[in-house]
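Listed below are the residues making up each chain.
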Amino acid sequence: MIHMFGALMRTHDILLNRILNRYGLYKSQPFILELLERYPGITQQELADCLKVSKATIAASLKRMEKVGFVQRAPDPQDTRRNRITITELGRKASHDCRQEVDHLRDTLFSQVTPQDEELLTDLLRRMYESLNRLREEDEDTEGMRPRNHHQNPRWEEGPDM
């Protein structure tokens, strides 16, 4: 089952990347364009906060998007240390057209799944996610108690005791 899930995710990723490439977009950029449509004139910091990424990460994406003409940055009239970001018509068109293709991909993915199956799948995936998330949190809690570079212990390199 895990193999099938991995194959599904890889195939979805390949198809999604093809769509994004047609519009000159990278993975997080459609979300940025959607936020800019919803919140015209948002600041870089506000955008970073919405997406839960660093301001530097947003700056790099915006630089690429500005270079191809999808967004414009302008100093905030009240505080010139901040930039206000707006989506251009070219960015709006790329966002809209890309969204249509991504929606088609999603619709195709679920075309043979009944609403009941989708509900069950959602519940199963939620429970699996919660289980792995608990494991991750436990692992993070014990991370500080583990010896660093335990794989480099000379005793372990000698092999098992005979």
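Residues numbered from 1 in each chain as written. Predicted model: local features only at pLDDT ≥ 70, side-chain atom pairs only at ≥ 80, totals over all residues. Heavy atoms only, no water.

### Quick notes on a nonpolar patch on the surface
Argument step 1. A contiguous nonpolar surface patch, about 1000 Å² in accessible area, is contributed by Met 1, Ile 2, Phe 5, Leu 8, Met 9, Leu 109, Leu 120, Leu 121, Leu 124, Leu 125 and Met 128.
Argument step 2. If you list the elements that add at least two residues to the nonpolar patch, you get α1 (2–22) and α6 (115–143).
Argument step 3. Sort the elements by how many residues they give to the nonpolar patch and α6 lands first, with five residues.
Argument step 4. With respect to the helices and strands, the residue Phe 5 is situated in helix α1. (Patch = residues over 30% accessible without salt bridge, like charges linked within 9 Å, V, L, I, M, F, W, Y side chains within 5 Å. Areas by Shrake-Rupley, 256 points an atom, 1.4 Å probe, with all protein chains shown as cover. Salt bridge = Lys/Arg side-chain N within 4 Å of Asp/Glu carboxyl O. Helix = DSSP H or I, 4+ residues; strand = E, 2+ residues; numbered from the N terminus.)

### What to know about helix α3 (residues 44–51)
Argument step 1. Here α3 has its buried residues at Gln 44, Leu 47 and Ala 48. The arc enclosing the buried residues of α3, seen along the axis, measures out at 100°, which places them on a common side.
Argument step 2. Once α3 ends, the next one or two residues include Lys 52, with phi positive near 60°. (Buried < 20%, exposed > 50% of the residue type's maximum accessible area, 1.4 Å probe, protein only. Arc of directions from axis to C-beta.)

### Some points on α1
Argument step 1. With 21 residues, α1 extends 30 Å between its outermost C-alpha atoms, agreeing within 8% with the 30 Å of an ideal straight helix rising 1.5 Å per residue.
Argument step 2. Listed in full, the buried residues belonging to α1 are Gly 6, Leu 16, Ile 19 and Leu 20. Mapping the buried residues of α1 onto a view down its axis gives an arc of 150°, with all of them on the same face. In α1, those exposed residues whose orientation departs by more than 90 degrees from the buried face are His 3, Met 4, Asn 21 and Arg 22.
Argument step 3. Contact partners of the buried residues in α1: α2 (29–38) and α5 (89–109).
Argument step 4. The positive-phi residue at the C-terminal boundary of α1 is Gly 24, with phi of around 70°. (Expected span 1.5 Å × (residues − 1). Contact = heavy atoms within 4.5 Å.)

### Focus: the pattern of salt bridges
Argument step 1. This model, assessed by the stated rule, comprises 18 salt bridges.
Argument step 2. Between Glu 66 and Arg 73 there is a salt bridge, and its shortest N-O distance comes to 3.1 Å.
Argument step 3. Of the charged contacts in the structure, one is a salt bridge between Asp 76 and Arg 84, with a shortest N-O distance of 2.9 Å.
Argument step 4. Ionic contacts of the salt-bridge type, sharing partners, join the residues Glu 34, Arg 99, Asp 103, Arg 106 and Asp 107 into one network.

### Structural notes on the environment of Ser 95
Argument step 1. Within the fold, Ser 95 resides in helix α5.
Argument step 2. Not counting residues up to four positions away in its chain, the partners in contact with Ser 95 are Leu 33, Glu 34 and Glu 37.
Argument step 3. A polar atom in the side chain of Ser 95 sits 3.0 Å from the side chain of Glu 37. (Polar contact = N/O pair within 3.5 Å; in protein donor to acceptor, adjacent residues only side chain to side chain.)

### Structural notes on the packing of α3 against helix α4 (residues 55–67)
Argument step 1. At a minimum axis distance of 9 Å, the contact between α3 and α4 shows a crossing angle of 110°. Between α3 and α4, the crossing angle belongs to the class labelled roughly perpendicular. Contacts between α3 and α4 pair Gln 44, Gln 45, Leu 47, Ala 48 and Leu 51 from the former with Lys 55, Ile 58, Ala 59 and Leu 62 from the latter.
Argument step 2. Residues belonging to the contact of α3 with α4 are distributed by class as follows: six nonpolar, two polar and one charged. (Axes fitted to C-alpha atoms, helices over the stretch in contact; angles between N-to-C directions. Parallel < 35°, antiparallel > 145°, perpendicular 65-115°, else oblique. Nonpolar A, V, L, I, M, F, W, Y, C, P; charged D, E, K, R; others polar.)

### Examining the packing of α2 against α4
Argument step 1. Following both chains from N to C, one finds α2 and α4 inclined at 85°, their axes separated by 11 Å at the closest point. If you check the angle between α2 and α4, you find them roughly perpendicular. In this structure, α2 uses Gln 29, Ile 32 and Leu 33 to contact α4, whose residues at the interface are Ile 58, Ser 61, Leu 62, Arg 64 and Met 65.

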